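Here is how the chains run, residue by residue.
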Amino acid sequence: MTSGIKRNLAPWAVMAAMGAFVPATGAQAADLGGDCCADLEERIAELEATTARKGNRKVSLTISGWVNEMVMFWDDGFESNAYVGTNSLEQSRVKFSGKAKIDKDWSAGYTIELGLQGHASSKWDQNDISSSSDNTISVRKSYWFVKSESLGQFSVGQNGTATYHLLDDVNAYSNLRNYSDAEAPAVAVGAFYLRNTAGGAVGGSLRWSDALRGFNNATPGQSGRRNVVRYDTPEFSGFSATAAWGEDDMWDVAARYENKKLGDFGVAIQGGYGESTDFASTKCDAATTAEKCTWWGVAGTMIHNPTGLF
């Protein structure tokens with residue numbers, strides 16, 4: 001669901017309103033003197049006051065987002081149940097994106113994306129479905145950018161790093177990304193306890209997030225959203241690259257190739273590598289002291305265009 005709100009719709013409103021004011025006789029139609037347009041201008045001002053506003057005609061504002069609530073059935077071999085709440089894999093959200101053209105090549109803008117958690121599925125376990133994350137609003141992304149069509153995009157703020165969704169977003173040819181991706185297992189059962197044969201938690205408190213290790217949502221091979229400086233190259237014959245640095249300290253790089261019409265096939269492949277010395281931010285193993293963390297991943301998809309097999 002996306003809507004662009006632009007003030008330059010006003011001329012259409014003017015034409016429609018003027019049509020309503022055209023009198024029945026030609027003589028009267030020619031008389032445009034006096035205060036004939038005062039009511040029209042007042043009505044236009046009222047209409048503009050009820051819309052999202054922008055500073056000038058070069059700026060656009062786009063509002064988008066979705067609602068993702070679900071029923072989850074689970075069975076751990078000892079117990080089964082069903083929970084209802086927000087799907088944390090692709091949580092409900094709303095996004096505000098602004099953009100302004102500087103000239104033919106350059107533009108600038110910002111993105112603010114808010115995550116809405118009614119009842120966060122990533123916090124559920126076999127014993128408790130309540131969480132401090134319930135009924136909360138979080139800032140998923142908040143950054144500004146400057147973009148050149150020929151040189152690429154430079155952005156600063158809370159954003160995906162270069163290897164953010166490295167394994168997920170390469171799936172460009174199916175709907176699988178919408179409901180299941182590389183992070184799906186860890187998000188779905190990350191907070192659940194590992195059961196022993198007696199039905200108790202292994203080690204007394206071991207959860208799947210302790211066994212599954214990775215930068216973001218206990219998923220190895222890719223990273224998450226952090227406060228970074230990020231650069232994205234333009235696309236050259238299907239090839240593009242991204243680099244990011246931030247936090248204290250982390251950096252990563254990624255490269256991508258995509259060709260939707262390679263003969264009868266469409267292909268997409270990407271890979272990346274990252275390092276971090278900020279243990280509090282990455283937590284990619286079970287250590288309790290700060291140490292260097294590295295990660296890498298490669299993923300690809302292919303589709304046969306005539307048949308749709310992928």
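Being a predicted model, the structure only gives us computed values, none of them experimental. (Residues numbered from 1 in each chain as written. Predicted model: local features only at pLDDT ≥ 70, side-chain atom pairs only at ≥ 80, totals over all residues. Heavy atoms only, no water.)

**Q** Help me understand the environment of glycine 190, please; the structure alone is not making it clear to me.
**A** Positionally, glycine 190 belongs in the loop between helix H4 (184-189) and helix H5 (208-211). Taking the relative accessible area as the measure of exposure, glycine 190 reaches 6% and is therefore buried. When the C-alpha positions of glycine 190 and aspartate 210 are compared, they lie 8.1 Å apart, and in sequence the two are 20 residues distant. With near-sequence residues (within four places) excluded, glycine 190 lies in contact with Pro185, Arg207, Trp208 and Ser209. (Helix = DSSP H or I, 4+ residues; strand = E, 2+ residues; numbered from the N terminus. Buried < 20%, exposed > 50% of the residue type's maximum accessible area, 1.4 Å probe, protein only. Contact = heavy atoms within 4.5 Å.)

**Q** Mind showing me how you'd approach a nonpolar patch on the surface here?
**A** A cluster of nonpolar side chains, contributed by Tyr110, Ile112, Trp144, Phe154 and Tyr231, occupies part of the molecular surface with about 470 Å² of accessible area. Within the secondary structure layout, isoleucine 112 lies in strand S6 (residues 106-117). (Patch = residues over 30% accessible without salt bridge, like charges linked within 9 Å, V, L, I, M, F, W, Y side chains within 5 Å. Areas by Shrake-Rupley, 256 points an atom, 1.4 Å probe, with all protein chains shown as cover. Salt bridge = Lys/Arg side-chain N within 4 Å of Asp/Glu carboxyl O.)

**Q** Before we go on, may I ask you to explain the pattern of salt bridges in this structure?
**A** Should the charged atoms of two oppositely charged side chains come close, the side chains can pair. Considering all chains together, one arrives at eight salt bridges under this definition. Between glutamate 113 and arginine 140 there is a salt bridge, and its shortest N-O distance comes to 2.6 Å. Of this pair, glutamate 113 sits in strand S6 while arginine 140 sits in strand S7 (residues 136-148), and the two are 27 residues apart along the sequence. Exposure remark for glutamate 113: the relative accessible area of 5% places this residue in the buried category. Exposure remark for arginine 140: the relative accessible area of 6% places this residue in the buried category. Between arginine 256 and glutamate 258 there is a salt bridge, with its nearest N and O atoms 2.9 Å apart. Judged by relative accessible area, glutamate 258 falls into the partly exposed class, the value being 21%. Among the ionic contacts, a cluster of salt bridges with common partners joins Glu90, Arg93, Glu113 and Arg140.

**Q** I keep staring at the nonpolar core and nothing clicks. Help me out?
**A** Burial of nonpolar side chains together is a common tendency in soluble globular proteins. Met70, Met72, Trp74, Tyr83, Trp124 and Phe192 together form the largest nonpolar core, which totals six residues. It is strand S3 (residues 69-75) that provides the largest number of residues to this core, a total of three residues. Discounting residues that sit within four places of it in the chain, tryptophan 124 has contacts with Met70, Met72, Tyr83, Val84, Gly85, His119, Ile129, Ala191 and Phe192. (Core = buried A, V, L, I, M, F, W, Y, C linked by side-chain atoms within 4.5 Å.)

**Q** Can you help me understand unusual backbone geometry in this one?
**A** Note on backbone geometry: most residues besides glycine have negative phi, and most peptide bonds are trans. The omega torsion across aspartate 248 and aspartate 249 is -15°, close enough to zero to call that bond cis. Within the element layout of this structure, aspartate 249 appears in the loop between strand S10 (239-246) and strand S11 (250-262). Despite not being glycine, serine 237 has its phi angle at roughly 50°, a positive value. Note on placement: serine 237 falls in the loop between strand S9 (225-232) and S10.

**Q** Could you clarify how one ought to interpret the pairing of S11 in this entry?
**A** One face of the sheet, then the other: side chains in a regular strand alternate in exactly this way. The pairing of S10 with S11 spans eight bridges and is antiparallel. Looking at the pairing, tryptophan 245 lines up with tryptophan 251 of S11. Where S10 hands over to S11, the hairpin turn is made up of three residues, of which glutamate 247 adopts a positive phi near 50°. Bridging between S11 and strand S12 (residues 265-276) involves 11 bridges; their strand directions are antiparallel. Across the sheet, the residue bridging to glutamate 258 is alanine 268, located in S12. Linking two consecutive strands that pair antiparallel, namely S11 and S12, is a turn of two residues; a positive phi of about 65° is found at glycine 263 within it. (Pairing = 2+ DSSP bridges.)

**Q** Please explain the confidence of the model for the protein chain as it appears in this structure.
**A** Low pLDDT means the predicted coordinates in that region are not meant to be read closely. Mean pLDDT over the protein chain: 82, with 82% of residues reaching 70 or higher. Below a pLDDT of 50 lies the segment residues 1-30, which in the model reaches 29 contacts outside its immediate sequence neighbourhood of four places, other chains included. (pLDDT = per-residue confidence, 0-100.)

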